[in-house]
Amino acid sequence: MKILYIVPAYLPAYRYGGPIKSDHYRNKWLVKKGVEVSVYTTDIDGPNSLKVPLGTPVDVDGVRVFYFKGSFPRAWFYSRDLHRALKENIKDFDMVHITSVFLSASALGAYYAKKFNKPYIISPRGSLMKEPLALKSHIKKKFYIALLENNNLRDATAIHFTAPIEEEEYKAQGLPLRQGIVIPNSFDEDDFKEVQDTRPEVFRDKFNIGKDIKIILFLSRISWKKGLDTLIPALSLIIKKEPKALLVIAGGDDEGYKKKVEELINKHGLRSSVVFTGMLLGRDLVAAYKSSSVFVLPSYSENFAMSVVEAMYFRVPVVVTKHVGVAPSVQNSVAGIVIEKNESELSESILNILQNPEKSREMGERGRLSVLKEFSAPSVADHFLAAYNKLVN
């Protein structure tokens, strides 16, 4: 089987969050199972461009990745060269899988898949959930859906969701759905094989954090939807009972939201209780997880949340809102605490973990087992392969 995967950005464009990793895990393991996977993407990496060969296949763990130069309108992740390649080559594939909505990937991918009568899947990746639709650029998104996206979704062979909550909220918007498939993101242990033995001190030493400090880790893009407007006020309540607690905010600031977060920090007098690290990769990332007492993600909305799964894998107890796609797994495995999005519950839950070391350790062990059982990349690839075979046939 030959699969064409169309996505606005791909490895190593890590600034775009968890899907960058999980999508490659899936593709890598599909190749291992005998599927021929090609990726069409752009070289766009925020305001910069990836330093990659353009228009020629690049072997990334067996996956044939074609990077095409971004062009105007860049904000739409448009590429004239990618457009041309779709027009010429999409007929050669058995299945087309598109990740993204509101961008050129879904518009062009769906158009040419239909033109050449190829089955296609769209993965919205949370962009069509309630909060993202309601709280950011609502009017523009409504207009775009009516103009373009509605037809793309209606004619898709299937819509892929990463968690039941994503499918439920999609349906609640009244959006078209011929068939829905729910398959979670995958986690690949191989990705951390070379850095598994990293010591926690690597992180503490780099950012001058004392051994007696209890780290509360927020590791995600600095975005409005991640719930920092709840986390910062909650931190002021936590510090009163745990003066040696420290919030580490690790992630890129693609939306310019960091300025708002800093204003909140100053408002609550928490400058000495917060550290910004920027995006973490490799040994720094592993050491951050190993150094942390608790991981927190109080989001308004998340279709999945790969950082939560990574934290669980490294035995870090987690606190997440019920709006996070992976929350049912956290709750069912008792790998942490699932809460409503409010300051009181968030602060109490974090303190509960910080002040109960044995309970924290048990949560961490259960979390790791849950990840290995539910989200292993080979198993998730099997689910995708079964879905592709069914849809093609």
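Coordinates for the structure precede this section.
Values in this document were obtained by computation on a predicted structure and should not be read as measured data.

1. Examining the overall build of the protein chain
A tally of regular secondary structure across the protein chain gives 15 helices and 16 strands. A globule of 393 residues ought to have a C-alpha radius of gyration of about 21 Å, and the protein chain, at 21 Å, matches this closely. Burial statistics for the protein chain: of 393 residues in total, 56% are counted as buried. Sequence-distant contacts in the protein chain: of pairs separated by 6 or more residues, those separated by 24 or more amount to 72%. If you sum the accessible surface of the protein chain, you get close to 16,600 Å²; carbon and sulfur atoms cover 51% of it. Taking the average place of the 55 positive charges on the side chains of the protein chain and the average place of its 45 negative ones, the gap between the two points comes to 3 Å.

2. Points about the sheet that holds strand β11 (residues 214-219)
Here six strands make up an open sheet; going across it, the order is β13-β12-β11-β14-β15-β16 and the pairing parallel. With one partner strand each, in any of the chains shown, β13 (274-276) and β16 (336-339) form the two edges of the open sheet. Adjacent strand axes in the sheet meet at a mean angle of 20°, parallel and antiparallel pairs treated alike. Where strand β15 (residues 318-321) meets β16, four bridges bridge the pair, whose relative direction is parallel. Its bridge partner being in β16, V318 is matched across the sheet by G336. Across the sheet, helix α13 (residues 343-354) is in contact with β11, β12 (245-250), β14 (292-297), β15 and β16; its angle to β14 comes to roughly 160°.

3. Regarding helix α10 (residues 282-291)
With seven of ten residues buried, α10 is to be regarded as a mostly interior element. Taken as a whole, α10 has its buried residues at D284, L285, V286, A287, A288, Y289 and S291. Here the buried face of α10 lies against α1 (18-32), α7 (201-206), β11, β14 and α11 (306-313).

4. So, unusual backbone geometry
Across residues other than glycine, the phi torsion is negative in most instances, and most of the peptide bonds are trans. The linkage connecting L11 with the following residue, P12, adopts the cis geometry, with an omega of 5°. Looking at the secondary structure, you find P12 in the loop between β1 (2-6) and α1. Despite not being glycine, D61 shows a phi value in the positive range, around 55°. Residue D61 is classed as partly exposed on the basis of its relative accessible area, which comes to 48%. The backbone of R125 sits at a positive phi, close to 55°, despite the residue not being glycine. Summarising the element assignment, R125 is placed in the loop between β8 (120-123) and α4 (130-135). For R125, a relative accessible area of 11% translates into the label buried.

5. Points about the sheet that holds strand β9 (residues 158-161)
Paired through their backbone hydrogen bonds, the strands of a sheet run either parallel or antiparallel. Spatially, eight strands are ordered β5-β6-β2-β1-β7-β8-β9-β10 in an open sheet, and the strand pairing comes out mixed. What marks the edges here is a single partner per strand, and that holds for β5 (57-60) and β10 (180-182). On average, adjacent strands in this sheet sit at an angle of 25° to one another, irrespective of strand direction. As paired strands, β5 and strand β6 (residues 63-68) are joined by four bridges and run antiparallel to one another. The residue of β6 that forms the bridge with V60 is V63. In this fold helix α15 (residues 377-392) packs onto β1, β7 (95-99), β8, β9 and β10, with an angle of close to 125° to the strand it touches most, β7.

6. Some points on the pattern of salt bridges
A complete count under the given rule lists 23 salt bridges for this structure. Its salt-bridge partner being D212, residue K244 comes within 2.6 Å of it at the nearest N-O pair. Placement of the pair is K244 in the loop between α8 (228-241) and β12 and D212 in the loop between α7 and β11, with a sequence separation of 32 residues. A salt bridge links D229 to K341, with the shortest nitrogen-to-oxygen separation between them at 3.2 Å.

7. With respect to the packing of aromatic side chains
This structure, assessed with the given rule, holds 20 aromatic pairs. Their ring planes at 75° and their centres at 5.4 Å tell us that Y40 and F68 sit as a pair that is edge-to-face. Pair noted here: Y40 is in strand β2 (residues 36-42) and F68 is in strand β6, with a separation of 28 residues, a long-range link. Of the two residues, Y40 and F68, neither departs from the other in class, the shared state being buried.

8. Side note on the pairing of β2
Counting buried positions along β2 yields six of seven residues, so the element is predominantly enclosed. Taken together, the five bridges between β1 and β2 define a ladder with parallel strand orientation. Its bridge partner being in β2, Y5 is matched across the sheet by V39. As a crossover connection, the stretch from β1 through α1 into β2 is right-handed. As judged from the five bridges shared by β2 and β6, these two strands associate in the parallel manner. From the neighbouring strand, S38 faces β6, where its bridge partner is R64.

Here is what the cut-offs are and how they apply
Residues numbered from 1 in each chain as written. Predicted model: local features only at pLDDT ≥ 70, side-chain atom pairs only at ≥ 80, totals over all residues. Heavy atoms only, no water. Helix = DSSP H or I, 4+ residues; strand = E, 2+ residues; numbered from the N terminus. Rg over C-alpha atoms; globule rule 2.2 N^0.38 Å. Buried < 20%, exposed > 50% of the residue type's maximum accessible area, 1.4 Å probe, protein only. Contact = heavy atoms within 4.5 Å. Areas by Shrake-Rupley, 256 points an atom, 1.4 Å probe, with all protein chains shown as cover. Lys, Arg positive; Asp, Glu negative; His and termini not counted. Charge placed at Lys NZ, Arg CZ, Asp CG, Glu CD. Pairing = 2+ DSSP bridges. Axes fitted to C-alpha atoms, helices over the stretch in contact; angles between N-to-C directions. Salt bridge = Lys/Arg side-chain N within 4 Å of Asp/Glu carboxyl O. Phe/Tyr/Trp six-rings, centres within 6.5 Å; stacked < 30°, edge-to-face > 60°. Right-handed = clockwise from strand over helix to strand, strands pointing away.

Any link to function would need more than the numbers given here.
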